[in-house]
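# Summary of the model geometry
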Amino acid sequence: MPPRPPSPVPDFLYGTAWKEDRTAALVELAVRGGFRGIDTANQRRHYFEEGVGEGLAAAYRTGVVSRHDLFLQTKFTYERGQDHRLPYDPAAALSVQVAQSMASSLDLLGTDYVDSYLLHGPASNHDWTDDDAQVWEAMRRERDAGRTRLLGVSNISLGQLQELASVHTELPAFVQNRCYARLGWDREVRQFCRERNLIYQGFSLLTANKGVLRDPLIASIAASANATPAQVVFSFARAVGILPLTGTSDAAHMRADLDGRDLALPPEAVDEIESLAG
Ligand SMILES: NC(=O)c1ccc[n+]([C@@H]2O[C@H](COP(=O)([O-])OP(=O)(O)OC[C@H]3O[C@@H](n4cnc5c(N)ncnc54)[C@H](OP(=O)(O)O)[C@@H]3O)[C@@H](O)[C@H]2O)c1
């Protein structure tokens, strides 16, 4: 299959978790508002991927965007992270589960390829297991068949990434992790990514760091920049190489998050925020 035309990785991803029957309307609003990256998962427990597809279809109908303007990212989730609404036969081999989950995602999203396909999380909390190796190879086959442009892993530790790198010839293009300020904003994993040119995607930048958002340092940087604390955190994230996700359900917050992309923080403010809590 010929390679897909390159579609750039956007500088913000709109996350679709926990939106249930508001998913379609919020995805349409996000795309119409200017988001070009959408993050979802074929995990009905937390995401409504069918609703994402409906929202995209509605956005296409308005003519604001077409499929090729967007960066669509979805995930393969092991059975242990799912509820009873599985997108695959749990008795099938893992490689078949990956193929079935991908086929279901493409159907739900109304497309014949996604831009990024993530392993939602390794099978174990500690190691990169044989199951993960099988799934990773199956994901590579999906990519080679043209059903995703890029691959990634999520909810992964530095040790697991190192194991992955020792077992496989191909590293992920993306790592998507919850980003705790008290862990230096996932400093070790970010360093691993930086050294190997992987793109680090950070989620829960606001919700995992509520104390930081209230910190006087953030308040003072926000006041000097005429910005909100949330805009400061997202701008900080970009300054240290984090591709941020936002999952707001609020139109004004969507607007503020997008407008904040123009905010460039002074280098000393970036350094102070990086070591604020860990
Ligand atoms: N890989 C994984 O395992 C994983 C896990 C969790 C999340 N994710 C992805 O990451 C996405 C984002 O999730 P998240 O955990 O970062 O948090 P989130 O679900 O986006 O929650 C953000 C919270 O902060 C509030 N908020 C206040 N001001 C905001 C602002 N200016 N911008 C954005 N939110 C603001 C939001 O309220 P309002 O709605 O009122 O704005 C919301 O309650 C998810 O939708 C999902 O796609 C991935």
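Keep in mind the model is a prediction, meaning the values are calculated, not measured. (Residues numbered from 1 in each chain as written. Predicted model: local features only at pLDDT ≥ 70, side-chain atom pairs only at ≥ 80, totals over all residues. Heavy atoms only, no water.)

### Remarks on the packing of helix α1 (residues 23-33) against helix α2 (residues 49-62)
Applicable threshold: To define axes, lines are fitted to C-alpha atoms, for helices over the stretch in contact only, and angles between the resulting N-to-C directions are given on a 0 to 180 degree scale. Helix and strand labels come from DSSP, where a helix needs a run of H or I of at least four residues and a strand needs a run of E of at least two; each type is numbered from the N terminus. Roughly parallel means an angle under 35 degrees; roughly antiparallel, over 145; roughly perpendicular, 65 to 115; everything else is oblique. Rotating anticlockwise by less than a right angle from the far helix to the near helix defines a left-handed crossing, while the corresponding clockwise rotation defines a right-handed one. Any two residues whose heavy atoms approach within 4.5 Å at even a single point are treated as in contact. Three classes are used, and their members are as follows: Ala, Val, Leu, Ile, Met, Phe, Trp, Tyr, Cys and Pro are nonpolar, Asp, Glu, Lys and Arg are charged, and the others, Gly among them, are polar.
Relative orientation of the contacting elements α1 and α2 amounts to 40°, with a least axis distance of 7 Å. Comparing their axes, α2 and α1 come out oblique. Crossing handedness for the pair α1 and α2: right-handed. Across the interface between the two elements, Thr23, Ala24, Val27, Glu28, Val31 and Arg32 of α1 pack against Gly51, Val52, Glu54, Gly55, Leu56, Ala58, Ala59 and Thr62 of α2. When the residues that make up the contact of α1 with α2 are grouped by side-chain class, the tally is seven nonpolar, four polar and three charged.

### Observations regarding the pairing of strand β5 (residues 148-154)
In regular strands, side chains alternate between the two faces of the sheet. This is how the line gets drawn: Residue burial is assigned from relative accessible area. The probe radius is 1.4 Å, only protein chains are included, and a residue is buried under 20% of its type maximum, exposed over 50%, and partly exposed in between. In short, DSSP must find at least two bridges between two strands for them to pair. Handedness of a crossover is defined as follows: with both strands directed away from the viewer, a clockwise route from the first strand across the helix to the second makes it right-handed.
By the criterion of burial, β5 is predominantly enclosed, with six of the seven residues buried. Where strand β4 (residues 114-119) meets β5, five bridges bridge the pair, whose relative direction is parallel. Bridged to Val114 within β5 is Thr148. Handedness of the crossover is the feature at issue here: the chain leaves β4, passes through helix α4 (residues 130-144), returns alongside β5, and the resulting connection is right-handed. Where β5 and strand β6 (residues 174-178) come together, three bridges link them in parallel fashion. Bridged to Ser154 within β6 is Gln176.

### Describing the packing of aromatic side chains
Condition: Pairs were defined over the aromatic rings of Phe, Tyr and Trp, the Trp ring being its six-membered one, requiring ring centres within 6.5 Å. Orientation was assigned from the angle between planes: stacked under 30 degrees, edge-to-face over 60, tilted for the rest. Look at NZ for Lys and CZ for Arg. If either is within 6 Å of the ring centre and within 35 degrees of the ring normal, a charge sits over the ring.
Applying the stated criterion across every chain, the model contains seven aromatic pairs. Here Phe71 and Phe174 contribute two aromatic rings whose centre-to-centre distance is 5.8 Å and whose plane-to-plane angle is 80°, an arrangement assigned as edge-to-face. Of this pair, Phe71 sits in strand β3 (residues 71-76) while Phe174 sits in strand β6, placing them 103 residues apart in sequence. Between Phe76 and Tyr78, the aromatic rings sit 5.8 Å apart at their centres with planes inclined by 75°, giving edge-to-face as the arrangement. Judged by its relative accessible area of 8%, Tyr78 falls in the buried class. Cluster of aromatic residues (ring-pair linked, three or more members): Phe12, Tyr14, Phe35 and Phe234. Taking NZ or CZ as reference, Arg182 lies 4.5 Å from the ring centre of Tyr180, over its face. Lying across the ring of Phe192, Arg196 places its NZ or CZ 3.8 Å from the centre.

### Observations concerning the nonpolar core
The criterion, for reference: Within this scheme, the nonpolar core is defined by two criteria: the residues are buried Ala, Val, Leu, Ile, Met, Phe, Trp, Tyr or Cys, and they are joined through side-chain atoms within 4.5 Å.
The biggest cluster of nonpolar side chains holds 67 residues, and the ones touching the most others in it are Leu56, Val153, Val175, Trp185, Val232, Leu265 and Ile273. Val153 has contacts with Leu118, Leu119, Trp128, Trp136, Leu161, Leu164, Pro172, Phe174, Val175 and Gln176, leaving out every residue within four places of it along the chain. In this structure, Leu118, Phe174, Phe203 and Leu245 belong to the second largest nonpolar core, which totals seven residues.

### Brief notes about the environment of Val153
Locating Val153 in the fold gives a position in strand β5. Take Val153: its relative accessible area is 1%, and that puts it in the buried class.

### A closer look at the pairing of β3
With six of six residues buried, β3 lies mostly within the body of the structure. Neither face of β3 is left uncovered, since the one carrying Phe71, Gln73 and Lys75 and the one carrying Leu72, Thr74 and Phe76 both have all their residues buried. The pairing of strand β2 (residues 37-39) with β3 spans three bridges and is parallel. In the sheet register, Asp39 faces β3, and the bridge partner there is Gln73. As for the winding sense of the linkage, the β-α-β connection from β2 through α2 to β3 is right-handed. Pairing of β3 with β4 involves four bridges; the strand directions are parallel. Paired with Lys75 across the strands is Leu118, a residue of β4.

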